[in-house]
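# Inside the fold
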Amino acid sequence: MMKLKQTALAVSLVFPILASAQSNADLQRQIDALQVQIKQLTEALKGAAPAPVQAAQVPTVDPDDFNRIKTKVEAMEDQSEIAGFKGLRISGGIDPTYIYNRNKRSSSFGFLNNFGNVNGSGEVYSYDNSYFGLAYLDIQKEIDDGGTRFRLTLAPSKSAGSGFNFGNIAHEASASIPIDGPSTRLLVGQMPDVSGYQPFFNSFVGANSVTSNLLYPGFSEYFVTKNLLFDFTAATAYTGVGLDLARGAWDTKLFLANMNSARNDISGNNTASTRSPSFIYNATYAKEEFWGVEFTGYEGKVLNPNASLTSTPSATRLDQFEIDGWWTRGDINTNLQLTLGRQQQAAFNGGDSQWYGMSYVLSKKVGPAWTFAGRFDYLNNQKNGGGTFNVFGGNDPAGVATGDVYNGFGPGDPNDPNYDPNKGANRFSVTGAATYRLTRNVAFRGELRFDRATTPSFYQWSDGTYRKSNTTIGLQTIVNF
């Protein structure tokens, strides 16, 4: 105790000592002395005995009551497993959407409507009628047999299955089966496309599921509409078999599957129909948590969307490669996607269609509720009049074959002085959006989008003329669980 008192006295005297110092040298000597005293005080405190701690009072438990509770809990667990609830996860959601389209002169709510002309609805797949305005129910089950995962996602009218198989409400029906531990899995069934930075469903986050498209109430997706590459250069779904290989920072998926088709077979007397599966590969590198890169490729014969217009084969060779990446730090997120592809004899003039493009997104979270995002898309598609495996040409309302007048692809207005049937439109799109998260499971979103083409290829329904641009507005309510 005497040493502690001496140390405390030294500390109490330090301030007048410092005040009386006449030079830097004196000041340094006093600081050194103070450091010595502090060291002595620390050593003294370490050697002091700690104060006794009062033992906590443990309540007594009746052994009979404990055994009764334990028996009830075990019975509930057994009943849950017998009923199939163990490892079961059910989620769902809706996103009713309002869309205004300037060239169409249309202002409408869209919800559970179709992609195609089903039962005379007159609808077509377009960037203002894509994968939004839907309802889904997602059922996931991990089977207690070594890690097999089953998934069934239903989305009436706007599932991946209904995109090419009208009436099919299954968005995904797949199983992931471990064949050499959890890092090597067999994938079977119908699976949504895995390419690109954009989740397959507009309103939900894609991550870490059988096909990396987990529908989850998150908001890394910030737009009502999809980007140009998603809508017009990406597959919709695969039906077949795949292999998922997780090796360190790499996750590689290899598929042998029907692309955009539930079954490949001959069609009547057309022996050039798609009769064999395609090869799809996807590899993701994500060593760091804040950035990653992904590669995807399609190789094989697929549907020729313009065969009926040009008397070309109904299925022709497709080769496409795309790369996308993401970078996230704090409240800022950015994504970039690049795509290059071609399909034989699938252009609007009967030649090979060819395209390349990019999509870039920058978003920032502001406060706990708001997120603001901007997107720029470019798609070069002028060769042989334009066209991709996801762009379907046809006639305008006047009966003139002009390409895709809903989405602005093709040579456009045949009365334009610069009209060239062998030169299609290159497409641009600039989009701004804001999302307000009311709760964890409820959000409101608004979007303003401006599209432009290098030819007058957007049909204007009010007067039958063509324009080089179009404007759309989208408002969306997102509710999921």
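Here the structure is a predicted model, which is why all the values come from computation and not from measurement.

With respect to the element layout, Asn 335 can be found in strand S13 (residues 332-343). Within the structure, the side chain of Asn 335 is placed 2.8 Å from the side chain of Asn 333, a separation counted as a polar contact. Once you skip the residues sitting within four places of it in the chain, Asn 335 turns out to touch Tyr 197, Gly 325, Trp 326, Ser 359, Tyr 360 and Val 361.

Even without being a glycine, Leu 112 presents a positive backbone phi close to 60°. Summarising the element assignment, Leu 112 is placed in the loop between strand S3 (106-110) and strand S4 (135-143). A relative accessible area of 36% means that Leu 112 is categorised as partly exposed. The backbone phi angle of Asn 384 is positive, close to 55°, even though this residue is not glycine. Residue placement: Asn 384 occurs in the loop between strand S15 (370-380) and strand S16 (394-395).

This brings us to the packing of aromatic side chains. Applying the stated criterion across every chain yields a total of 20 aromatic pairs. Ring geometry for Trp 370 and Phe 372: centres 5.7 Å apart, planes at 10°, overall stacked. What makes Phe 372 partly exposed here is its relative accessible area of 40%. On the numbers, 5.2 Å between centres and 45° between planes, the contact of Tyr 406 with Trp 461 is tilted. Taken together, the residues span a long stretch of sequence, with Tyr 406 in the loop between strand S17 (401-403) and strand S18 (427-439) and Trp 461 in the loop between strand S20 (458-460) and strand S21 (465-467) at a distance of 55 residues. Here Tyr 406 falls in the partly exposed class, since its relative accessible area comes to 29%. Aromatic ring contacts, followed pair by pair, group Trp 250, Tyr 285, Trp 291, Phe 295 and Phe 321 into a single cluster. Over the ring of Phe 132 we find Lys 158; its NZ or CZ atom is 5.3 Å from the centre of that ring. Sitting above the plane of the Phe 409 ring, Arg 427 keeps its charged end 5.4 Å from the centroid.

Analysis parameters
- Residues numbered from 1 in each chain as written.
- Predicted model: local features only at pLDDT ≥ 70, side-chain atom pairs only at ≥ 80, totals over all residues.
- Heavy atoms only, no water.
- Helix = DSSP H or I, 4+ residues; strand = E, 2+ residues; numbered from the N terminus.
- Polar contact = N/O pair within 3.5 Å; in protein donor to acceptor, adjacent residues only side chain to side chain.
- Contact = heavy atoms within 4.5 Å.
- Buried < 20%, exposed > 50% of the residue type's maximum accessible area, 1.4 Å probe, protein only.
- Phe/Tyr/Trp six-rings, centres within 6.5 Å; stacked < 30°, edge-to-face > 60°.
- Lys NZ or Arg CZ within 6 Å of the ring centre and 35° of its normal.

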